[in-house]
Structure formats: C-alpha cells, structure tokens
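Inside the fold
Here is how the chains run, residue by residue.
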Amino acid sequence: MDQDHQVAARATQKKQVEYGNSEFYQDLIKARALSLKGKSAYGYYADAYFTTVTNVLESLPEGYKTPEGFDPKNNNVRMQVFMRHPGGCLVAGVDLALAIISNGMTEQGLKNVKVSAIDDGTWVPYSGMANDVTPVIDIIGPYRYFTELETTYLGLLARCTRVANNVLECLEASNGTPVLFFPERFDSYSVQEMDGYAYWMAVKFYNKEHGTNLPVIVSSPASAGLFGSNGKNQGSTPHALIASFKKNEVEAMLMFGQYTDPNIKRIFLADFNNDVKGSTLIVAKEYWQRWLAAWKRDGWWNNEDLKRWRLWGIRIDTGATLIDKTMQELDQREGGVSPMLVLTMRNFLDNELPEILKDETTDTETYQILIEWCKSLSITVTGGFGPS
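What you are looking at is a predicted structure, and each value in this text was computed from that prediction instead of being measured. (Residues numbered from 1 in each chain as written. Predicted model: local features only at pLDDT ≥ 70, side-chain atom pairs only at ≥ 80, totals over all residues. Heavy atoms only, no water.)

**As for the side chain of R308**
Along the chain, the position of R308 falls in helix α12 (residues 304–308). Looking at R308, its side chain comes within polar contact range of the main-chain oxygen of Q258, at 2.8 Å. One polar contact links the side chain of R308 to the main-chain carbonyl oxygen of T260, over a distance of 3.4 Å. Excluding residues that lie within four positions of it along the chain, R308 makes contacts with G257, Q258, Y259, T260, P262, R266 and Y287. (Helix = DSSP H or I, 4+ residues; strand = E, 2+ residues; numbered from the N terminus. Polar contact = N/O pair within 3.5 Å; in protein donor to acceptor, adjacent residues only side chain to side chain. Contact = heavy atoms within 4.5 Å.)

Below, the structure is given as structure tokens:
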C-alpha cells in the first residue's frame, strides 16, 4: 500500500456526537454483550481498578476541594483515544464505541459529557511521534461518568481496527478479487457481529479508494448483523453434505439445487474425492443439462429454473498435505490449493469443458451459450490464506 498517498488522501475531521440521537447507536448494537444499559452492566467488563476509581470519585462529598482548589468529582477531564500504528491505519468500530459510551452513561453523564469522534472507517495517519497524533474519540467531562466504559470501548476499537486492517491488507493483495469473510469457526461466536462489521468497513473503504464495487460476502447471518441487508451470508456446501450422500457428489448437488432457494448461488465443493477436475465435470454436466432444458422450455424471461440450475462456480479446499489427482496427472507434487491447480482448473473450465459437454444436438447458438456458461464458472479458493 502506498502510505504517503493514503495519508494525503484521507481527512480526519471530527464530528460532534448528539446524544439526542443515541437511538441510532442503540439500534445499531444488536449483539447482546454490546446492548447492555448502564454503568453497572458495563462495569462487569471493566478493569477492576476503573470501578474502584469510580467509587472513590463518587464517594467524595459535594463541595470537596483539593488543597489547590480543584473539584475532582465534578471537574472536567479530557480523554483522547488515538492509535499508534506505524504509517497509519483504517480505524473501525468508532460508531460501536460511541454506542457503548452512550448506552453506558447515566442520564446525568449524558448531560455533562461532550464527545466528538472521527467518522467510522477513516484512515488515520501516524508519524511515529507521540505529540503528533489524531484523536479518534475525544471525551470531555467529569471522569466518574465514563471511567468504567474505557475497557470495553478500547477493546472493541482495537479488535475492529485490527480485523479491518487485516481484511484491507488481503484486499490489496487480491488486487480486485472479492475476499470472502469466513472466520466464524476460528473464534468465539460472541464476536461475529463486530468482526463482520469490521470486514464490511474494510470492503467499503477499499471500494471507495479504488473505485471498485467488490461485494460484501460473509458466512453467517450474525456477521452481517450490524450492517443489515447490504451483506450476503453466503456459503457453498460443506464436505459433510457430500459425506451424507456416501460421497455421491452429483446426487448431493442435485438435491442442493432442488431444495435450496434459487437466489442462493450454487457453488460446488469440488475436492471431496481429491479429483477436482473429474468431480467438476460430472456435476457441471448434470447442471448444464437441466439449465439447458429450462432455457429451451421457457427462454430467458422470468425463469426460476435458470437460477436453480445455474452452477455459479466451484470451490477448492484441498488439504495442504493432499495432492489432487489433477496435479498427479500433470506429474506435479505440490499439495493443497496451489496456483498450478487453480490455473489448470481455469483452463479446464474455459477451454476443455465446453468441448466435453457439447453433443450431436448442440447447434451453433447453443454452443456459444455453453461456452459462456462454462467461462462464467468462478473458482473460489479457501483454506488459510494470508496476503502473501
């Protein structure tokens, strides 16, 4: 990433938070742990010394003054939240942090505390100098009103920002190829909402910076829970589905096509029998025949079966220690989802598959449609990828 260009291109103007509109943030937070109301609820998640400090400040008698004449109970203090990632980073989770501050303070606190913040999803530069930082959130008011909230909103900001920047790094490395977000089985279910939100922030930021329109694709409904219908919770099929059909990939995919909402993409998991090319062929043949029959019967117009039997693509998830039959036939010994395997399958879909699927009844128009049908098949690769 070109840090100099990005730092120059991104503004970090702060917005004033209007607590009269705090219902927006309350609606935004749907995860149970983040929708708690009141300091006592958030105190459960606070570092204990913050609770102790709150008790000290609130126990001071009204009118108490320090020898210097200060009123620690009611004097305003300024809390600034900032990041120190070398070069800068995409800050995510600001609105969620503001929801914690809004939900966690008492009514009296809301009246006496002023909060300003940058827009969520802003790139914030950092020069490496402690006296040259951009506050992400700025809080001014009596400290006792927001002491116990610090642990929660800082932790949330740290996690969301880390996830968003990991995603952004992968998006940059993918160079315009959509990146699917499927981390749910590698962490607690309780973080799906905020992690999905951070992923969404990264995709939005990337699209804005590069003028692209990459889709937001998450694995679970919960991962799309904080940004609504703009995300698609989309999976393909798990290995266990094919195992349930005693390794009969064709029957498994036909039943998947028959009983799944036509608006859900049909993505065939092609590596179950460790023969990606052979398995793709037999499944594509069955889908193509059904798709073609629907097209000949009803044409293009309002045809649900065209969607039902439209094979959107294949997914390759070969284990790192396994060598697919396709690779063995090429006398290649590289295991897992290797670049050679993917390139070989792309050539197979584009050039070999149409020739195999055509028959003596295939006229010129149908053959051209078949070619486009095969070329449109996508390849999704999964399994432990990082930017490198």
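We are not done yet, so read on.
**Brief notes about the sheet that holds strand β11 (residues 378–381)**
Read across the open sheet, the 3 strands follow the order β9-β10-β11; overall the sheet is parallel. What marks the edges here is a single partner per strand, and that holds for β9 (266–269) and β11. For this sheet, the mean angle separating the axes of adjacent strands, direction not counted, is 30 degrees. Summarising the sheet, β9 and strand β10 (residues 311–316) pair through 4 bridges and their orientation is parallel. In the sheet register, F268 faces β10, and the bridge partner there is I314. (Pairing = 2+ DSSP bridges. Axes fitted to C-alpha atoms, helices over the stretch in contact; angles between N-to-C directions.)

**Considering the pattern of salt bridges**
Inspection of the entire model under this criterion finds 13 salt bridges. With a closest N to O distance of 2.8 Å, D138 and R78 form a salt bridge. Taken together, the positions of D138 in strand β6 (residues 137–142) and R78 in strand β2 (residues 76–81) put the pair 60 residues apart, joining distant regions of the chain. Ionic contacts of the salt-bridge type, sharing partners, join the residues R297, D298, E304, D305 and R308 into one network. (Salt bridge = Lys/Arg side-chain N within 4 Å of Asp/Glu carboxyl O.)

Keep in mind these numbers describe shape, not what the thing actually does.
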